[in-house]
Amino acid sequence: MAQRHATMGDRILFVEDEPEMLQFLARYFSRRGYAVTAAASGEEAWRLLSQTTYDLVVCDQALDGISGLDLLRMIRETDRDLPFIMITGAGTIETAVEAIKIGAFHYVTKPFKPGELAILASRAVEFGKLHRKLSRIHADEDEADRSIVIGNNRRILEMMQTIEKISGSDAPVLIQGETGTGKSVFARRIHETSRRRGRPFVTIDCGALPENLIESELFGHVKGAFTGAVRPKRGLLEEADGGTIFLDEIGEMTAATQTKLLRALQDLVIKPVGGNQIVAIDVRYISATNKDLHQEVAAGRFREDLYYRLAVIPLYLPPLRERREDIIPFVRNFVRELNRRYGKRVSKVDPLVLQSFMEAPWKGNIRELKNVLERSVLLAEGAAITADCLSPSPAGRGVADRVPKHPVSLKTAVEAAERQTIRSALAAASGNRSKAAEILGIGRRTLYAKMAAYGIE
Ligand SMILES: Nc1ncnc2c1ncn2[C@@H]1O[C@H](COP(=O)(O)OP(=O)(O)OP(=O)(O)O)[C@@H](O)[C@H]1O
């Protein structure tokens, strides 16, 4: 079998208490392009492991003090992916089996040929890299899953049900909603819950590019298609082949590009700018806009046929001021995320600040709330976000101005928040009190009692 060469500089940590053996291994593997570090004991190896990242550990089992098996166990407590090869003495097969059980990549038994260890080492390094990559992908997915807030708003919950229902289909989705309401977040969620998950998710911001560029970005171009097209370029629709294209700000697309896009949707092929050849594409379309696209159609600014093609599943993300019951879940989630990011320990929000959050208009929606919180968490001196943390931010100033100047009691603040939440729930349930009670997670009678107490009709 041909021996694969190490990528220059892959790092191996050798742990061996026989100096001659250690020297020999270090020289042999250095010559093969590895960056080698030698440790004469388990203790030294453990110290080195806390300082540097390695691609492989090759360790003798029979060490005084921390043994090879001990070291492997210690590594596995924090790192599941670092490949580990155990060197065992003759007649110690139980140790080798134990090492594999704990998570060693492989073992070699003394005396061994260095070439044999080199092949194993090369495979172990490749294996470790692949594992690290997979762990990173899973970590990213977990992170993405954790950070999306669904909340209690009826319209959002219904939307989640729709997303679930269409997870097996390729139906085009149009997401409408004001800026900052989470259209991109939900576009990705739709892709991640679809059968195209794991395939490309490609975004194009149709509002950010001039007309001549957007066509070549979307459909690609051939060499010489226009001045400056010195090389052929694959379009984003082709990049998204097998996956999803997310057409953000679709309402900004010009008439000429709309026509081309309609053809791509109908015929499932595209023609790069300046070319004659057509290219078949298999793409799922998700579009988003903060305009009322139906109105754009009525005004003659958006093609009706394209609108119907794109809006097979229309979704609407309500503005934050119409889903105030979700403000607290958002605050909780963002503060947790920001604590992690900035190493802070914010655990409370002053009731007055929370009250102002519950009443603010949030024109920039969730993005604005997130920005206000980012500054507040950064400026918070203790464990609480207070009005002082809001003032320096332009976005926060609007909110800060709403914080009552005179301290009010906790009871007053809680009541104000409760009143506002009940109002929002009733609005979300179109006045239906049973539904509103359900959204709020309280009984109908409790809702009636609270409405009477707060003078809500
Ligand atoms: N449900 C949610 N859970 C967690 N974070 C969210 C949620 N919705 C939106 N956000 C956050 O709010 C910010 C704005 O969201 P996003 O970019 O998806 O909005 P948008 O509607 O696409 O805005 P625009 O129209 O300006 O492009 C982002 O930082 C996003 O992470």
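Residues numbered from 1 in each chain as written. Predicted model: local features only at pLDDT ≥ 70, side-chain atom pairs only at ≥ 80, totals over all residues.

The name an unreviewed UniProt entry gives the protein chain is Two component, sigma54 specific, transcriptional regulator, Fis family, with Desulfococcus multivorans DSM 2059 as the organism.

**Examining the environment of Gln 61**
In this fold, Gln 61 is placed in the loop between strand S3 (56-60) and helix H3 (68-78). A count of 23 C-beta atoms within 10 Å places Gln 61 in the buried class. Residues Gln 61 and Asp 17 lie 44 residues apart in sequence; the distance between their C-alpha atoms is 10.0 Å. (Helix = DSSP H or I, 4+ residues; strand = E, 2+ residues; numbered from the N terminus. Buried ≥ 20, exposed ≤ 12 C-beta atoms within 10 Å, placed from the backbone.)

**Here's the deal with the environment of Gly 242**
Along the polypeptide, Gly 242 turns up in the loop between helix H9 (236-239) and strand S10 (244-248). Those residues in contact with Gly 242 that sit more than four places away from it in its chain are Arg 199, Pro 200 and Asp 282. (Contact = placed C-beta atoms within 7 Å.)

**Some thoughts on the sheet that holds strand S1 (residues 11-15)**
Strand order across the open sheet formed by 5 strands is S2-S1-S3-S4-S5, with parallel pairing between neighbours. The sheet is open, and its two edges are formed by strand S2 (35-39) and strand S5 (106-109), each paired on a single side. Sheet twist, expressed as the mean angle between neighbouring strand axes with direction ignored, is 20 degrees. Where strand S4 (residues 84-88) and S5 come together, 4 bridges link them in parallel fashion. (Pairing = 2+ DSSP bridges. Axes fitted to C-alpha atoms, helices over the stretch in contact; angles between N-to-C directions.)

**Quick notes on the site of the ligand**
Around the ligand, the structure places 16 residues, and the nearest of them are Val 149, Thr 179, Gly 182, Lys 183 and Ser 184. At the level of secondary structure, the elements contributing two or more residues to the shell around the ligand comprise helix H7 (183-193) and helix H15 (365-379). Its residues assigned to classes, the shell around the ligand shows 4 nonpolar, 8 polar and 4 charged. Each of two domains, domain 2 (154-318) and domain 3 (322-454), supplies a minimum of three residues to the shell around the ligand. (Near = placed C-beta within 6 Å. Nonpolar A, V, L, I, M, F, W, Y, C, P; charged D, E, K, R; others polar. Domains from an automatic or database assignment.)

**Brief notes about the sheet that holds strand S7 (residues 201-205)**
Read from one edge of the open sheet, 5 strands run S7-S10-S13-S6-S14, paired in parallel fashion. Sheet topology places S7 and strand S14 (313-317) at the edges, where each strand pairs with a single neighbour. Pairs of neighbouring strands in the sheet enclose a mean axial angle of 20 degrees, with direction left out of account. Two strands pair when backbone bridges link them, and S10 and strand S13 (residues 284-289) are joined in this way by 4 bridges, in the parallel orientation. Across the sheet, Phe 246 pairs through a bridge with Ile 286, a residue of S13.

**Considerations on the pairing of S2**
Of the pairings in the sheet, the one linking S1 to S2 comprises 5 bridges and is parallel in character. Considered in S2, the bridge of Val 15 is made with Ala 39. As for the winding sense of the linkage, the β-α-β connection from S1 through helix H1 (residues 19-31) to S2 is right-handed. (Right-handed = clockwise from strand over helix to strand, strands pointing away.)

**Some remarks on H3**
Among all positions of H3, only Gly 68, Leu 69, Leu 71, Leu 72 and Ile 75 are buried. When H3 is viewed along its axis, its buried side chains cluster within an angular range of 160 degrees and face the same direction. Away from its buried face, by an angle of more than 90 degrees, H3 presents the exposed residues Glu 77 and Thr 78. The elements touched by buried residues of H3 are S1, helix H2 (42-51), S3, S4 and helix H4 (93-102). (Arc of directions from axis to C-beta.)

**Details of the nonpolar core**
By size, the foremost hydrophobic cluster in this structure holds 36 residues, and its most contacted members are Ile 175, Ala 187, Leu 237, Ile 245, Leu 247 and Ile 286. Those residues in contact with Ile 245 that sit more than four places away from it in its chain are Val 202, Ile 204, Leu 236, Leu 237, Ala 240, Val 283 and Tyr 285. (Core = buried A, V, L, I, M, F, W, Y, C linked by C-beta atoms within 7 Å.)

**As for the packing of helix H8 (residues 211-219) against helix H10 (residues 255-267)**
The geometry of H8 relative to H10 is characterised by a closest axis approach of 10 Å and an angle of 15 degrees between their N-to-C directions. As judged from the angle between their axes, H8 and H10 are roughly parallel. You can see that H8 and H10 cross each other, and the crossing is right-handed. Here Glu 211, Ile 214, Glu 215 and Phe 219 of H8 come into contact with H10, specifically with Ala 256, Thr 257 and Lys 260. Grouping the amino acids of the contact of H8 with H10 by side-chain chemistry returns 3 nonpolar, 1 polar and 3 charged. (Parallel < 35°, antiparallel > 145°, perpendicular 65-115°, else oblique. Left-handed = near helix turned anticlockwise from the far one by under 90°.)

**Considerations on unusual backbone geometry**
The peptide bond linking Lys 110 to Pro 111 adopts the cis configuration, its omega dihedral lying at -10 degrees. When you line up the elements, Pro 111 lands in the loop between S5 and helix H5 (114-147). With phi around 55 degrees, Glu 249 is a residue other than glycine that occupies positive phi space. In this structure, Glu 249 sits in the loop between S10 and H10.

**Examining the UniProt feature "modified residue: 4-aspartylphosphate" (unreviewed entry) in the protein chain**
Within the UniProt annotation, "modified residue: 4-aspartylphosphate" (unreviewed entry) is assigned to Asp 60. Locating Asp 60 in the fold gives a position in strand S3. Beyond its immediate sequence surroundings of up to four residues, Asp 60 is in contact with Val 15, Glu 16, Asp 17, Gly 68 and Ile 87. (UniProt positions renumbered as here; feature names shortened; annotations may be inferred.)

**A closer look at the pairing of S1**
Burial within S1 is extensive, with 4 of its 5 residues counted as buried. Note that S1 and S3 share 4 bridges and pair parallel. Following the sheet pairing, Leu 13 is matched in S3 by Val 57.

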